[in-house]
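# Structure assessment
Spelled out from the first residue to the last, the chains are:
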Amino acid sequence: MKNVVLVALLVFCCALASAQTPFGVKEVLSPYCESKQLPGVVTIIADKDKILQTDTFGFADIEKQRPMTADSFFWIASQSKPITAAAVMILVDEGKLALKEPITKYIPEMAGLKVAAERTPERTVLVPPNKPITLEMLLSHTAGCEFLTPFQMKYGIDSLSLERSLTTYLMTPLKSQPGTAYNYSNIGINIAASAVERASGMPFEDFLAKRLFEPLGMNDTTFFPNDEQMERLVTAYQFDKKEGTLKPCRTPYMTYPFNDRPRRFAEGGGGIFSTPNDLIKFFQMLAGNGEFNGKRILSAAAVKEIQAKHTGDLPNGYGLGVNTNNGVYGHGGALGTDTLINTNNGRVLLYFIQHQGLGKSEEAKKKFYEIGNRP
């Protein structure tokens with residue numbers, strides 16, 4: 001009997017050890033930081049209900065030797081786009097917005113948008129759009145909008161309120177007729193964010209806080225970092241090929257300092273800050289067909305719309321605020337943050353870094369995704 005108990009205990013312990021066996025992320029990714037090719041990285045492998053594994057490597061600030069953690073504070077840049085799409089879909093669920101209605105139904109002044117039919121150094125020929133722009137087009141980058149306005153390029157994407165930005169969008173002609181081309185665009189996403197403000201009667205940042213961040217327990221996600229969050233902010237780096245070292249670099253597109261609230265505004269295309277521990281909850285909600293920790297944020301139908309391809313026959317596979325291809329969808333940010341949902345195996349894979357340029361960061365991310373998708 002004693003031997004039977006020992007054997008059973010041994011089997012149990014082996015099963016437990018097998019269940020806790022790491023994915024091998026550390027062995028593959030830590031050398032990038034140890035060799036100083038990358039500053040610091042956070043990875044998370046999860047499913048819709050739980051975190052399966054978290055790994056951290058390197059430093060959030062090399063000079064201060066501040067270790068990278070899953071609560072380090074990141075600018076997530078264009079990972080803001082799926083969050084804005086989710087905000088739109090909350091109101092679609094409630095019947096306050098519709099994807100295929102003309103945007104002028106919600107923002108009448110957008111009737112003034114024109115298409116640049118011809119551009120030369122001497123002149124620009126403007127013509128009316130040949131079909132209405134819709135929220136679906138805005139969220140899938142097929143409305144014809146430029147990436148940013150000249151004002152945003154010079155002064156920052158967060159330098160005007162969403163409402164005041166509408167005027168600058170009217171002064172920025174469309175690159176193409178609506179529905180005919182894929183043009184990656186913060187402008188389009190921000191017009192959609194303005195529709196959320198108009199339909200909800202709330203500032204965009206308040207709507208996100210009340211309808212997304214608070215219900216999901218995302219207490220470390222914001223457009224406007226406080227002083228404590230600024231202490232945890234990850235320094236952005238880029239690799240200096242000439243000197244063979246990592247050097248701090250300025251965060252692109254944004255207005256400094258980040259905690260200067262009167263000079264900065266919510267920007268739906270790329271203005272959000274968050275942590276790995278926080279943002280994973282948003283993507284777990286999507287992986288759970290709109291539900292997380294017993295709280296329903298979106299209908300299953302809304303999540304299906306987000307992940308579906310909305311670019312038609314165009315070669316770019318883009319849904320509503322997400323890249324999408326063969327059951328895998330998600331989005332990255334300008335400094336290397338990235339999160340994917342693989343509907344084929346139920347995995348949510350998060351890779352966070354603040355690194356200007358691609359190179360070794362993209363190589364490391366690709367290896368992580370290969371590991372995270374193993375059976």
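Residues numbered from 1 in each chain as written. Predicted model: local features only at pLDDT ≥ 70, side-chain atom pairs only at ≥ 80, totals over all residues. Heavy atoms only, no water.

In terms of helices and strands, the protein chain carries twelve helices and 16 strands. Its C-alpha radius of gyration of 22 Å places the protein chain within 12% of the 21 Å reference for a compact globule of 375 residues. Seen through its principal axes, the protein chain has C-alpha atoms that stretch 85 × 50 × 40 Å. Within the protein chain, contacts between residues separated by at least 24 positions form 68% of all contacts whose residues are at least 6 apart in sequence. Split by element, the accessible area of the protein chain, about 17,000 Å² in all, is 55% carbon and sulfur. The average position of the 40 basic charges and that of the 38 acidic charges among the side chains of the protein chain differ by 3 Å. (Helix = DSSP H or I, 4+ residues; strand = E, 2+ residues; numbered from the N terminus. Rg over C-alpha atoms; globule rule 2.2 N^0.38 Å. Contact = heavy atoms within 4.5 Å. Areas by Shrake-Rupley, 256 points an atom, 1.4 Å probe, with all protein chains shown as cover. Lys, Arg positive; Asp, Glu negative; His and termini not counted. Charge placed at Lys NZ, Arg CZ, Asp CG, Glu CD.)

Considering all chains together, one arrives at 21 salt bridges under this definition. Salt-bridge contacts for Lys247 lead to Asp240; the nearest nitrogen and oxygen are separated by 3.4 Å. Glu363 serves as the salt-bridge partner of Lys367, at 3.9 Å between the closest nitrogen and oxygen. Taken together, the residues Lys367 and Glu363, both in helix 12 (residues 360-372) and four residues apart, mark about one turn of the helix. Classification of Lys367 as partly exposed rests on a relative accessible area of 33%. A single salt-bridge network, built from bridges that share partners, covers Glu94, Lys96 and Arg211. (Salt bridge = Lys/Arg side-chain N within 4 Å of Asp/Glu carboxyl O. Buried < 20%, exposed > 50% of the residue type's maximum accessible area, 1.4 Å probe, protein only.)

Following the criterion strictly, the structure yields 13 aromatic pairs and no others. Relative to Tyr253, the ring of Phe147 has its centre 5.8 Å away and its plane inclined at 80 degrees; by these criteria the two rings are edge-to-face. In this pair, Phe147 is assigned in the loop between helix 4 (135-139) and helix 5 (150-155) and Tyr253 in the loop between strand 8 (245-248) and strand 9 (272-274), connecting sequence segments 106 residues apart. Each ring, one from Phe151 and one from Tyr155, has its centre 4.7 Å from the other, and the planes form 45 degrees; the classification is tilted. In this pair, Phe151 and Tyr155 both sit in helix 5, four residues apart, roughly one turn of the helix. Under the relative-accessibility criterion, Tyr155 is labelled partly exposed at 46%. (Phe/Tyr/Trp six-rings, centres within 6.5 Å; stacked < 30°, edge-to-face > 60°.)

Before going further, it helps to spend a moment on the pairing of strand 1 (residues 40-46). In regular strands, side chains alternate between the two faces of the sheet. Counting buried positions over the seven residues of strand 1 gives seven, a clear majority of the element. Bridging between strand 1 and strand 2 (residues 51-61) involves seven bridges; their strand directions are antiparallel. Directly across from Val41, in strand 2, lies its bridge partner Phe57. Connecting strand 1 to the next strand, strand 2, in antiparallel fashion are four residues. When strand 1 meets strand 15 (residues 347-352), the two strands line up antiparallel, connected through five bridges. Paired with Ile45 across the strands is Leu349, a residue of strand 15. (Pairing = 2+ DSSP bridges.)

Take the sheet that holds strand 3 (residues 66-67) next. Consider a sheet: its strands pair through backbone hydrogen bonds, and that pairing is either parallel or antiparallel. With antiparallel pairing, the seven strands of this open sheet are ordered in space as 3-2-1-15-14-13-12. The open sheet has two edge strands, strand 3 and strand 12 (323-325), and neither has a second partner. Across the sheet, helix 12 touches strand 1, strand 14 (338-342) and strand 15, and the angle it forms with strand 15 is around 160 degrees. (Axes fitted to C-alpha atoms, helices over the stretch in contact; angles between N-to-C directions.)

Counting 73 residues, the largest nonpolar core has Ile103, Leu135, Ile191, Leu212, Phe282, Leu286 and Leu298 as its most contacted members. Examining the composition of this core, we find that eight residues originate from one element, helix 3 (residues 80-93), more than from any other. Ile103 has contacts with Met110, Ile133, Thr134, Leu135, Leu138, Ile191 and Ala195, leaving out every residue within four places of it along the chain. Within the second largest apolar cluster, 15 residues are counted, among which are Leu29, Tyr32, Val41 and Ile371. (Core = buried A, V, L, I, M, F, W, Y, C linked by side-chain atoms within 4.5 Å.)

Glancing now at the sheet that holds strand 7 (residues 237-240). Strand order in this open sheet of three strands is 8-7-16, and the pairing throughout is mixed. If you trace the sheet from one side to the other, it starts and ends with strand 8 and strand 16 (355-356), each paired once. Across two bridges, strand 7 lies against strand 16 in parallel orientation. Within the sheet, the bridge partner assigned to Tyr237 lies in strand 16 and is His355.

Our next topic: the packing of helix 3 against helix 10 (residues 276-287). For the pair helix 3 and helix 10, the least separation of the axes is 12 Å and the interaxial angle reads 45 degrees. By the angle between their axes, helix 3 is oblique relative to helix 10. In this structure, helix 3 crosses over helix 10, and the sense of that crossing is left-handed. Judged by residue contacts, Pro82, Ile83 and Ala86 of helix 3 engage Leu279, Phe282 and Phe283 from helix 10. For the contact of helix 3 with helix 10, the per-class residue count stands at six nonpolar, no polar and no charged. (Parallel < 35°, antiparallel > 145°, perpendicular 65-115°, else oblique. Left-handed = near helix turned anticlockwise from the far one by under 90°. Nonpolar A, V, L, I, M, F, W, Y, C, P; charged D, E, K, R; others polar.)

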